[in-house]
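Each chain, written out:
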Amino acid sequence: MKEELLREYARLGVRTGVNLQKGQKLVIRAGVDSAPFVRLVTEEAYAVGARDVLVYWTDQKIARERYLHADNDLFDETYPWQALMFDLLSAEGAAFLSVTSSDPAALAGVDPDRIRRASIAYGQANEKFYARMMASRIPWSIVAIPCKPWAEKVFPGKTGDEATELLWDAICEAVRIREGGDAVAAWAAHCNHLTGQARKLNEYAFAALRYENALGTRLTVELPEGHLWAGGSEKDERGTTFIANMPTEEIFTAPKRDGVNGIVYSSKPLVLNGNLVEGICLTLEGGRIVDAKAEKGEEYLRAEINVDEGAHYLGEVALVPYHSPISESGILFYDTLFDENASCHFAFGEAYPTCIEGGADLSKEELLARGLNAESNTHVDFMVGTPDLSIIGVTRDGREVPVFVNGDFAI
Ligand code: ZN
Ligand code: ZN
């Protein structure tokens, strides 16, 4: 990877991703293998006037050892200082940048119940921090950089540096970094496009969307009154724009918690907590997932749905045309950050409060009353888009409008 492109990526993460402001602190969450990139991000952060840059390091191999060998009761506990750190920094308005680099098999063979309990404990301890993130009170963003096991999974038959370089190329393409180009400017234009699509959907104010494709998906998704579609950049509490996921190609909103009925099949593998889950089939009644099957990794899927009651309900509806850049690359990334931006998707678990008018200022109880799935310690996206996907929008006065025809926007 050329140093110049790597610098451009660091610049993009800081200036467009979290859009760090002069005098603001930056918290970077990253794996130790990402250190060279994190150093560039740090340089860039100080160049825009960061007050401080704090790095919270993790390591997949150490995490795996802990899951395999630590005492069983440890997975119900967390360390108060970790949650306190994120709570205090987010309360004072720091920006949070995650640099992910995930081996899709990082936790293969780990007891799913340990993962489930750790996820509950971590989610509960960090509740205040996550609430600020979910309501876009603070700027946050996720970017990804390759690691060898990930690259080798994405490009079978290629190994080591060759696979890693191919994955770098694919990531650069997805995040609009080109030699001699200006990625920050390219993103401004891209976000305008997504915002325009969201505006169109908001004007329809659909009561429901009906999904159908040849995989067997037959799902009706009601949308709460006052729901808002969003895409591209968001605004934090201070009115500064940021982009939570890079790449992003989606327009999304929240479903009505108890208004989803039918059956839905996944169209791409999902890497969930370091394990591969394939061939998902969910049955929903009155919004609740009443049956969850998968051809592979079903125990990991079930463990995540059993994190809490809210995980049994959908929290996100997202539209991505089949003919869109990441999808057309034909690359299966085995990483949700990319794969969800190549396909229409849903998420089970907590909804973003900003998906309803005035939602950022509502309590969980008020959000629930407005129809949102407001209470869960998880949020897991899974891909459902196919080249033949049909989505019919039903307006509040009963009119039917084709929203997606053959996998692409029809409006
Ligand atoms: Zn999404
Ligand atoms: Zn999501």
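Residues numbered from 1 in each chain as written. Chains lettered and ligands numbered in written order. Predicted model: local features only at pLDDT ≥ 70, side-chain atom pairs only at ≥ 80, totals over all residues. Heavy atoms only, no water.

Bringing the pattern of salt bridges into the picture now. All chains considered together, the criterion is met by 25 salt bridges. Across the pair Asp-182 and Arg-11 runs a salt bridge, and its minimum N-O distance is 3.8 Å. Pair noted here: Asp-182 is in the loop between helix H8 (160–174) and helix H9 (183–204) and Arg-11 is in helix H1 (residues 3–17), with a separation of 171 residues, a long-range link. Residue Asp-182 is classed as partly exposed on the basis of its relative accessible area of 40%. Exposure remark for Arg-11: the relative accessible area of 26% places this residue in the partly exposed category. Close ionic contact of Arg-399 with Asp-397 constitutes a salt bridge, the shortest N to O distance being 4.0 Å. Each of Asp-76, Asp-113, Arg-116 and Arg-117 takes part in a single network of salt bridges with overlapping partners. (Salt bridge = Lys/Arg side-chain N within 4 Å of Asp/Glu carboxyl O. Helix = DSSP H or I, 4+ residues; strand = E, 2+ residues; numbered from the N terminus. Buried < 20%, exposed > 50% of the residue type's maximum accessible area, 1.4 Å probe, protein only.)

Those donors, Glu-250 (OE), Glu-250 (OE), Glu-316 (OE), Glu-340 (OE) and His-345 (NE2), are the protein atoms that reach the zinc ion (ligand 1), and they lie 1.9 to 2.7 Å from it. Of note, the donors binding the zinc ion (ligand 1) are all from one chain and are spaced E-x65-E-x23-E-x4-H. Judged by relative accessible area, which is 3%, Glu-316 ranks as buried. (Donors = N, O, S within 2.8 Å, 3.2 Å for Na, K, Ca; no water.)

Note on placement: Thr-248 falls in the loop between strand S9 (241–242) and strand S10 (251–253). Sequence-distant contacts of Thr-248, defined by excluding residues within four places in its chain, comprise Trp-187, His-190, Leu-194, Gly-232, Ile-243 and Asn-341. (Contact = heavy atoms within 4.5 Å.)

Pairing is antiparallel in the open sheet, where five strands are placed in the order S7-S10-S16-S17-S18. This sheet does not close on itself; its edge strands, each paired only once, are strand S7 (230–231) and strand S18 (379–383). Of the strand pairs in this sheet, S10 and strand S16 (residues 314–319) are connected by three bridges, and their pairing is antiparallel. Pairing of Ile-251 across the sheet is with Leu-319, part of S16. (Pairing = 2+ DSSP bridges.)

Here helix H4 (residues 80–91) spans 16 Å end to end across twelve residues, near enough to the 16 Å set by a 1.5 Å rise per residue. Listed as buried for H4 are Gln-82, Ala-83, Phe-86, Asp-87, Leu-89 and Ser-90. Where H4 is buried, its residues meet strand S1 (25–31), strand S2 (52–58), strand S3 (95–100), helix H5 (112–125) and helix H6 (127–134). One or two steps after H4, the chain reaches Gly-93, where phi turns positive at roughly 90°. (Expected span 1.5 Å × (residues − 1).)

We now examine the coordination of the zinc ion (ligand 2). Distances from the zinc ion (ligand 2) to its protein donors, namely Glu-316 (OE), His-379 (NE2), Asp-381 (OD) and Asp-381 (OD), fall within the range 2.1 to 2.5 Å. Around the zinc ion (ligand 2) sit four donor atoms; with metal-centred angles ranging over 55 to 144°, the donor geometry is irregular. Along the chain, the residues that donate to the zinc ion (ligand 2) are spaced as E-x62-H-x1-D. Distance-wise, the zinc ion (ligand 1) is placed 3.5 Å from the zinc ion (ligand 2), both being coordinated by Glu-316. With Glu-316 in strand S16 and His-379 in strand S18, this residue pair connects regions lying 63 residues apart in the sequence. (Tetrahedral: all angles 85-135°; square planar, octahedral: opposite > 155°, others 65-115°.)

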